[in-house]
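Notes for the structure review
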Amino acid sequence: MTQAVPLPTHPLTVATVQAEPVPGDVAGNAATAARLVGRAAGARVVVLPELFLPAYHPPTLGADPTGTDVAADPEGRVDDGRLDPLRAAARDGGTCVVIGAAVRHPDGRRTISSLVVDPAGAVTAAYDKQQLWGGERELFDAGRRGASLRVDGWLFGLGICYDGCFPEHGRAAALDGAHGYLCPSGYLAGSEHRRDLYYAARALDNTMYVVFANSVDGADPWRFNGGAAVYEPEGRPLVRGADTGEDVLVATLDPAALGATRAAHTMLTDRLPHQGLARTTLVG
(Lines give C-alpha, C1' and ligand atoms only; values in the text may rest on other atoms or scores of the structure.)
Protein backbone atom coordinates (compact mmCIF):
# COMPACT_ATOMS: atom_id res chain seq x y z
CA MET A 1 0.00 0.00 0.00
CA THR A 2 1.33 3.44 -0.96
CA GLN A 3 1.98 5.77 1.95
CA ALA A 4 -0.07 8.97 1.79
CA VAL A 5 2.72 11.54 1.64
CA PRO A 6 1.59 14.99 0.43
CA LEU A 7 3.12 16.44 -2.69
CA PRO A 8 5.80 19.06 -2.03
CA THR A 9 4.58 22.63 -2.11
CA HIS A 10 7.64 24.24 -3.72
CA PRO A 11 10.11 23.36 -6.50
CA LEU A 12 13.51 22.04 -5.49
CA THR A 13 16.79 22.59 -7.31
CA VAL A 14 19.12 19.57 -7.41
CA ALA A 15 22.45 18.81 -9.01
CA THR A 16 24.04 15.60 -10.19
CA VAL A 17 27.77 15.16 -10.69
CA GLN A 18 30.02 13.11 -12.92
CA ALA A 19 33.70 13.27 -12.03
CA GLU A 20 36.86 11.17 -11.77
CA PRO A 21 38.15 10.52 -8.24
CA VAL A 22 41.70 9.36 -7.47
CA PRO A 23 41.90 5.79 -6.12
CA GLY A 24 42.62 5.75 -2.40
CA ASP A 25 42.84 9.52 -1.95
CA VAL A 26 39.92 10.19 0.39
CA ALA A 27 41.16 13.64 1.44
CA GLY A 28 41.83 14.73 -2.13
CA ASN A 29 38.51 13.38 -3.37
CA ALA A 30 36.67 15.16 -0.54
CA ALA A 31 38.33 18.40 -1.65
CA THR A 32 37.27 17.70 -5.25
CA ALA A 33 33.73 17.01 -4.07
CA ALA A 34 33.73 20.32 -2.19
CA ARG A 35 34.78 22.14 -5.37
CA LEU A 36 32.03 20.43 -7.34
CA VAL A 37 29.41 21.28 -4.71
CA GLY A 38 30.54 24.89 -5.07
CA ARG A 39 29.83 24.69 -8.81
CA ALA A 40 26.24 23.67 -8.01
CA ALA A 41 25.44 27.01 -6.39
CA GLY A 42 21.74 27.24 -5.59
CA ALA A 43 21.12 23.48 -5.49
CA ARG A 44 19.61 22.20 -2.24
CA VAL A 45 20.65 18.61 -3.00
CA VAL A 46 23.87 17.56 -4.74
CA VAL A 47 24.49 13.89 -5.60
CA LEU A 48 27.99 12.54 -6.31
CA PRO A 49 28.96 9.06 -7.56
CA GLU A 50 29.15 5.71 -5.82
CA LEU A 51 32.30 5.23 -3.70
CA PHE A 52 33.50 8.68 -4.77
CA LEU A 53 35.53 9.27 -1.63
CA PRO A 54 37.86 6.26 -2.04
CA ALA A 55 37.08 5.86 -5.80
CA TYR A 56 35.46 2.76 -7.24
CA HIS A 57 38.73 0.88 -7.72
CA PRO A 58 38.55 -2.67 -6.28
CA PRO A 59 42.32 -3.30 -6.23
CA THR A 60 42.81 -0.26 -3.97
CA LEU A 61 39.69 -0.97 -1.90
CA GLY A 62 40.95 -4.49 -1.27
CA ALA A 63 44.56 -3.56 -0.55
CA ASP A 64 44.02 -0.63 1.84
CA PRO A 65 40.70 -0.83 3.70
CA THR A 66 42.03 1.27 6.56
CA GLY A 67 43.00 4.12 4.26
CA THR A 68 39.98 3.96 1.98
CA ASP A 69 37.20 3.59 4.57
CA VAL A 70 35.47 6.05 6.87
CA ALA A 71 34.22 4.89 10.25
CA ALA A 72 30.65 5.30 11.48
CA ASP A 73 29.56 5.21 15.11
CA PRO A 74 26.53 3.14 16.24
CA GLU A 75 24.18 6.01 15.25
CA GLY A 76 25.77 6.25 11.80
CA ARG A 77 27.62 9.49 12.49
CA VAL A 78 30.92 9.97 10.70
CA ASP A 79 33.65 12.14 12.19
CA ASP A 80 36.62 12.14 9.81
CA GLY A 81 38.83 15.17 9.37
CA ARG A 82 39.47 14.31 5.73
CA LEU A 83 35.87 15.37 5.02
CA ASP A 84 36.23 18.88 6.47
CA PRO A 85 36.30 20.66 3.06
CA LEU A 86 33.09 18.91 2.09
CA ARG A 87 31.46 19.86 5.36
CA ALA A 88 32.42 23.47 4.75
CA ALA A 89 31.03 23.40 1.20
CA ALA A 90 27.69 22.05 2.45
CA ARG A 91 27.51 24.76 5.13
CA ASP A 92 28.51 27.53 2.74
CA GLY A 93 25.96 26.51 0.12
CA GLY A 94 23.13 25.50 2.45
CA THR A 95 23.32 22.21 0.59
CA CYS A 96 22.53 18.59 1.40
CA VAL A 97 25.24 16.45 -0.21
CA VAL A 98 24.88 12.74 -0.99
CA ILE A 99 28.23 11.08 -1.71
CA GLY A 100 29.49 7.52 -1.99
CA ALA A 101 31.88 6.05 0.57
CA ALA A 102 33.24 2.78 1.94
CA VAL A 103 32.04 2.63 5.53
CA ARG A 104 33.31 0.57 8.46
CA HIS A 105 30.62 -0.06 11.09
CA PRO A 106 31.16 -0.76 14.80
CA ASP A 107 29.97 -4.36 14.37
CA GLY A 108 32.70 -5.02 11.80
CA ARG A 109 30.55 -4.75 8.68
CA ARG A 110 32.04 -2.96 5.70
CA THR A 111 29.53 -1.44 3.30
CA ILE A 112 29.22 0.58 0.13
CA SER A 113 27.27 3.51 1.48
CA SER A 114 25.82 6.91 0.77
CA LEU A 115 26.92 9.57 3.22
CA VAL A 116 24.62 12.54 3.71
CA VAL A 117 26.33 15.80 4.60
CA ASP A 118 23.64 18.14 5.89
CA PRO A 119 23.69 21.95 5.62
CA ALA A 120 25.06 22.19 9.15
CA GLY A 121 28.05 20.05 8.11
CA ALA A 122 27.05 16.90 10.00
CA VAL A 123 27.89 13.64 8.19
CA THR A 124 25.76 10.50 8.47
CA ALA A 125 26.16 7.08 6.88
CA ALA A 126 22.57 7.18 5.67
CA TYR A 127 22.18 4.11 3.45
CA ASP A 128 24.12 0.90 2.77
CA LYS A 129 23.89 -0.65 -0.69
CA GLN A 130 21.60 -3.69 -0.58
CA GLN A 131 22.25 -5.24 -3.99
CA LEU A 132 25.96 -5.97 -4.32
CA TRP A 133 27.34 -6.52 -7.80
CA GLY A 134 29.89 -9.16 -8.80
CA GLY A 135 33.18 -8.90 -6.94
CA GLU A 136 31.78 -6.34 -4.50
CA ARG A 137 30.60 -9.33 -2.46
CA GLU A 138 34.23 -10.24 -1.76
CA LEU A 139 34.94 -6.84 -0.21
CA PHE A 140 31.68 -5.62 1.28
CA ASP A 141 28.60 -6.64 3.25
CA ALA A 142 25.10 -6.01 1.91
CA GLY A 143 22.90 -3.37 3.47
CA ARG A 144 19.98 -4.49 5.57
CA ARG A 145 17.28 -1.89 5.02
CA GLY A 146 16.07 0.93 2.81
CA ALA A 147 16.32 4.60 3.69
CA SER A 148 14.89 7.92 2.61
CA LEU A 149 15.99 11.54 2.83
CA ARG A 150 13.61 14.45 3.42
CA VAL A 151 14.56 17.91 2.13
CA ASP A 152 12.17 20.89 2.07
CA GLY A 153 9.08 18.69 1.93
CA TRP A 154 10.51 16.39 -0.76
CA LEU A 155 11.07 12.74 0.17
CA PHE A 156 13.82 10.85 -1.68
CA GLY A 157 14.49 7.14 -1.62
CA LEU A 158 18.20 6.30 -1.50
CA GLY A 159 19.71 3.73 -3.85
CA ILE A 160 23.21 2.94 -5.08
CA CYS A 161 23.99 1.75 -8.62
CA TYR A 162 22.97 -1.95 -8.87
CA ASP A 163 20.03 -1.30 -6.52
CA GLY A 164 18.47 0.63 -9.39
CA CYS A 165 18.56 -2.42 -11.65
CA PHE A 166 15.88 -4.01 -9.48
CA PRO A 167 12.40 -2.54 -10.01
CA GLU A 168 11.44 -3.64 -6.50
CA HIS A 169 14.00 -1.31 -4.93
CA GLY A 170 12.68 1.88 -6.46
CA ARG A 171 9.11 0.67 -5.98
CA ALA A 172 9.71 0.16 -2.26
CA ALA A 173 10.77 3.80 -2.02
CA ALA A 174 7.74 4.96 -4.01
CA LEU A 175 5.36 2.91 -1.87
CA ASP A 176 6.90 4.56 1.17
CA GLY A 177 5.89 7.90 -0.32
CA ALA A 178 9.07 8.98 -2.12
CA HIS A 179 8.81 11.77 -4.66
CA GLY A 180 12.28 10.98 -6.01
CA TYR A 181 15.12 8.47 -6.01
CA LEU A 182 18.80 9.39 -5.57
CA CYS A 183 21.27 6.96 -7.15
CA PRO A 184 25.03 7.48 -6.86
CA SER A 185 26.50 4.96 -9.31
CA GLY A 186 29.59 3.57 -11.02
CA TYR A 187 28.78 2.44 -14.57
CA LEU A 188 31.67 1.17 -16.68
CA ALA A 189 32.32 2.10 -20.30
CA GLY A 190 30.29 -0.19 -22.56
CA SER A 191 27.19 -0.12 -20.34
CA GLU A 192 25.64 3.02 -21.81
CA HIS A 193 22.44 1.31 -22.97
CA ARG A 194 21.70 -0.13 -19.54
CA ARG A 195 22.79 3.06 -17.76
CA ASP A 196 20.29 5.14 -19.74
CA LEU A 197 17.49 2.59 -19.56
CA TYR A 198 17.40 1.52 -15.91
CA TYR A 199 17.01 4.92 -14.27
CA ALA A 200 14.58 6.31 -16.82
CA ALA A 201 12.53 3.14 -16.24
CA ARG A 202 12.61 3.58 -12.47
CA ALA A 203 11.30 7.12 -12.95
CA LEU A 204 8.41 6.00 -15.16
CA ASP A 205 7.69 2.82 -13.15
CA ASN A 206 7.11 4.90 -10.07
CA THR A 207 6.17 8.33 -11.46
CA MET A 208 8.98 9.96 -9.51
CA TYR A 209 12.07 12.01 -10.23
CA VAL A 210 15.40 10.16 -10.41
CA VAL A 211 18.80 11.76 -9.84
CA PHE A 212 21.59 9.58 -11.25
CA ALA A 213 25.26 10.41 -10.61
CA ASN A 214 28.18 8.49 -12.12
CA SER A 215 31.95 8.35 -12.16
CA VAL A 216 33.65 9.18 -15.44
CA ASP A 217 36.88 8.37 -17.29
CA GLY A 218 39.74 6.53 -15.54
CA ALA A 219 41.90 3.67 -16.79
CA ASP A 220 40.67 0.31 -18.13
CA PRO A 221 39.27 -1.95 -16.81
CA TRP A 222 37.90 0.64 -14.35
CA ARG A 223 36.91 3.27 -16.89
CA PHE A 224 33.51 4.88 -16.27
CA ASN A 225 31.04 6.41 -18.67
CA GLY A 226 29.46 9.48 -17.09
CA GLY A 227 25.98 10.18 -18.42
CA ALA A 228 24.84 11.69 -15.11
CA ALA A 229 21.21 12.70 -15.42
CA VAL A 230 18.04 13.92 -13.76
CA TYR A 231 14.90 12.17 -15.04
CA GLU A 232 11.41 13.59 -14.75
CA PRO A 233 8.52 11.35 -13.63
CA GLU A 234 7.80 10.00 -17.13
CA GLY A 235 11.45 9.04 -17.59
CA ARG A 236 12.63 11.86 -19.85
CA PRO A 237 16.02 13.39 -19.01
CA LEU A 238 15.85 16.99 -17.86
CA VAL A 239 19.65 17.12 -18.03
CA ARG A 240 22.24 14.52 -19.04
CA GLY A 241 26.03 14.58 -19.13
CA ALA A 242 28.30 13.34 -21.88
CA ASP A 243 30.03 9.96 -21.73
CA THR A 244 33.35 11.60 -20.85
CA GLY A 245 34.44 14.65 -18.90
CA GLU A 246 33.64 16.19 -15.54
CA ASP A 247 30.29 17.93 -15.25
CA VAL A 248 27.81 19.35 -12.74
CA LEU A 249 24.24 19.28 -14.05
CA VAL A 250 21.49 21.29 -12.37
CA ALA A 251 17.73 20.79 -12.68
CA THR A 252 14.62 21.95 -10.85
CA LEU A 253 12.07 19.43 -9.63
CA ASP A 254 8.51 20.69 -10.09
CA PRO A 255 5.76 19.49 -7.72
CA ALA A 256 3.09 20.46 -10.26
CA ALA A 257 4.67 18.23 -12.89
CA LEU A 258 4.95 15.42 -10.35
CA GLY A 259 1.29 15.76 -9.42
CA ALA A 260 0.14 15.94 -13.04
CA THR A 261 2.12 12.83 -13.95
CA ARG A 262 0.72 10.87 -11.03
CA ALA A 263 -2.80 11.96 -11.92
CA ALA A 264 -2.37 10.84 -15.53
CA HIS A 265 -0.41 7.63 -14.86
CA THR A 266 -1.85 5.91 -11.81
CA MET A 267 0.34 2.80 -11.56
CA LEU A 268 1.03 3.36 -7.88
CA THR A 269 -2.63 3.50 -6.90
CA ASP A 270 -3.78 0.89 -9.46
CA ARG A 271 -1.13 -1.62 -8.37
CA LEU A 272 -2.69 -4.94 -7.34
CA PRO A 273 -1.78 -6.20 -3.86
CA HIS A 274 -0.97 -9.51 -5.54
CA GLN A 275 -0.93 -10.85 -9.09
CA GLY A 276 -3.93 -13.15 -8.78
CA LEU A 277 -4.31 -16.87 -8.15
CA ALA A 278 -1.87 -19.53 -9.28
CA ARG A 279 -0.67 -18.93 -12.84
CA THR A 280 -1.99 -21.00 -15.69
CA THR A 281 0.29 -22.55 -18.27
CA LEU A 282 -0.78 -23.28 -21.82
CA VAL A 283 0.85 -25.78 -24.18
CA GLY A 284 1.26 -24.64 -27.76
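As a starting point, this report considers the structure included with it. It should be emphasised that the depicted structure is a prediction, and the values quoted were computed from it without experimental measurement.

Topic: the overall build of the protein
Helix and strand counts for the protein stand at 9 helices and 14 strands. Relative to its length of 284 residues, the protein is compact, with a C-alpha radius of gyration of 18 Å against a globular reference of 19 Å. With the principal axes as the frame, the protein shows a C-alpha extent of 55 × 50 × 40 Å. Residue burial in the protein is summarised as follows: out of 284 residues, 49% are buried. Partitioning the contacts of the protein with sequence separation of at least 6, the portion at a separation of at least 24 is 68%. Total accessible area computed for the protein in this model is approximately 12,300 Å², and 54% of it derives from carbon and sulfur atoms. When the 25 positive and 33 negative side-chain charges of the protein are each reduced to one mean point, those points stand 4 Å apart.

What to know about helix α7 (residues 192-206)
Look at α7: 22 Å from first C-alpha to last across 15 residues, which is about the 21 Å you get at 1.5 Å a residue. All of the buried residues in α7 are Arg195, Tyr199, Ala200, Arg202, Ala203 and Asn206. Down the axis of α7, the buried set is contained in an arc of 155°. They therefore lie on one face. Where α7 terminates, the next one or two residues include threonine 207, which has phi positive at roughly 40°.

A look at the nonpolar core
One finds Leu149 and Leu182 to be the most contacted residues of the largest nonpolar core, which totals 49 residues. Considering every element that reaches this core, the biggest residue donor is strand β10 (residues 209-217), with 5 residues. Core analysis: the next-biggest nonpolar cluster, separate from the first, contains 31 residues, Ala34, Leu36, Leu53 and Ile99 among them.

Regarding the packing of helix α6 (residues 167-175) against α7
Direction vectors running N to C along α6 and α7 enclose 40°, while the axes themselves pass 10 Å from each other. Between α6 and α7, the angle falls in the class oblique. The element α6 and its partner α7 pack so that their crossing is right-handed. Where α6 abuts α7, its residues Pro167, Gly170, Arg171 and Ala174 lie against Arg202, Asp205 and Asn206. Its residues placed into classes, the contact of α6 with α7 shows 2 nonpolar, 2 polar and 3 charged.

Examining the layout of surface pockets
By volume, the largest pocket amounts to about 320 Å³. Lining the largest pocket are 17 residues, and of these His105, Arg109, Ala125, Asp128 and Arg145 lie nearest its centre. Taken together, the residues of the lining of the largest pocket sort by class into 7 nonpolar, 3 polar and 7 charged.

Considering unusual backbone geometry
Following aspartate 220, the chain continues into proline 221 via a peptide bond in cis, with omega recorded as 0°. Tracing the sequence through the fold places proline 221 in the loop between β10 and β11 (224-225). Even without a glycine there, the phi angle at threonine 207 is positive, about 40°. In this structure, threonine 207 sits in the loop between α7 and β10. One non-glycine residue, aspartate 217, adopts positive backbone phi at about 65°. Mapping aspartate 217 onto the fold places it in strand β10.

Observations regarding the state of the cysteines
Counted under the stated rule, the structure contains 0 disulfides. The closest cysteine sulfur to the non-disulfide-bonded cysteine 161 is located on cysteine 165, 6.4 Å from its own sulfur. Summary of cysteine pairing: cysteine 183 is not part of a disulfide, and the nearest cysteine sulfur, belonging to cysteine 161, is at 8.7 Å. Residue cysteine 183 is classed as buried on the basis of its relative accessible area, which comes to 0%.

Notes on the packing of aromatic side chains
Enumeration according to the criterion identifies 9 aromatic pairs in this entry. Between tryptophan 154 and tyrosine 209, the ring centres sit 5.9 Å apart and the planes meet at 65°, which makes this aromatic pair edge-to-face. With a gap of 55 residues between them, tryptophan 154 in strand β8 (residues 154-158) and tyrosine 209 in strand β10 connect regions that are remote in the sequence. You'll find tryptophan 154 and tyrosine 209 in the same group, each marked buried. Aromatic ring contacts, followed pair by pair, group Tyr187, Tyr198, Tyr199 and Phe212 into a single cluster.

Cut-offs applied
Residues numbered from 1 in each chain as written. Predicted model: local features only at pLDDT ≥ 70, side-chain atom pairs only at ≥ 80, totals over all residues. Heavy atoms only, no water. Helix = DSSP H or I, 4+ residues; strand = E, 2+ residues; numbered from the N terminus. Rg over C-alpha atoms; globule rule 2.2 N^0.38 Å. Buried < 20%, exposed > 50% of the residue type's maximum accessible area, 1.4 Å probe, protein only. Contact = heavy atoms within 4.5 Å. Areas by Shrake-Rupley, 256 points an atom, 1.4 Å probe, with all protein chains shown as cover. Lys, Arg positive; Asp, Glu negative; His and termini not counted. Charge placed at Lys NZ, Arg CZ, Asp CG, Glu CD. Expected span 1.5 Å × (residues − 1). Arc of directions from axis to C-beta. Core = buried A, V, L, I, M, F, W, Y, C linked by side-chain atoms within 4.5 Å. Axes fitted to C-alpha atoms, helices over the stretch in contact; angles between N-to-C directions. Parallel < 35°, antiparallel > 145°, perpendicular 65-115°, else oblique. Left-handed = near helix turned anticlockwise from the far one by under 90°. Nonpolar A, V, L, I, M, F, W, Y, C, P; charged D, E, K, R; others polar. 1 Å grid on protein atoms, 1.4 Å probe; cavity = no way out; pocket = protein on both sides within 12 Å on 5 of 7 lines; lining within 4 Å. Points joined across faces, edges and corners; volume = space filled by probe spheres on them. Disulfide = S-S within 2.5 Å. Phe/Tyr/Trp six-rings, centres within 6.5 Å; stacked < 30°, edge-to-face > 60°.

Interpretation in functional terms is not warranted from these geometric data alone.
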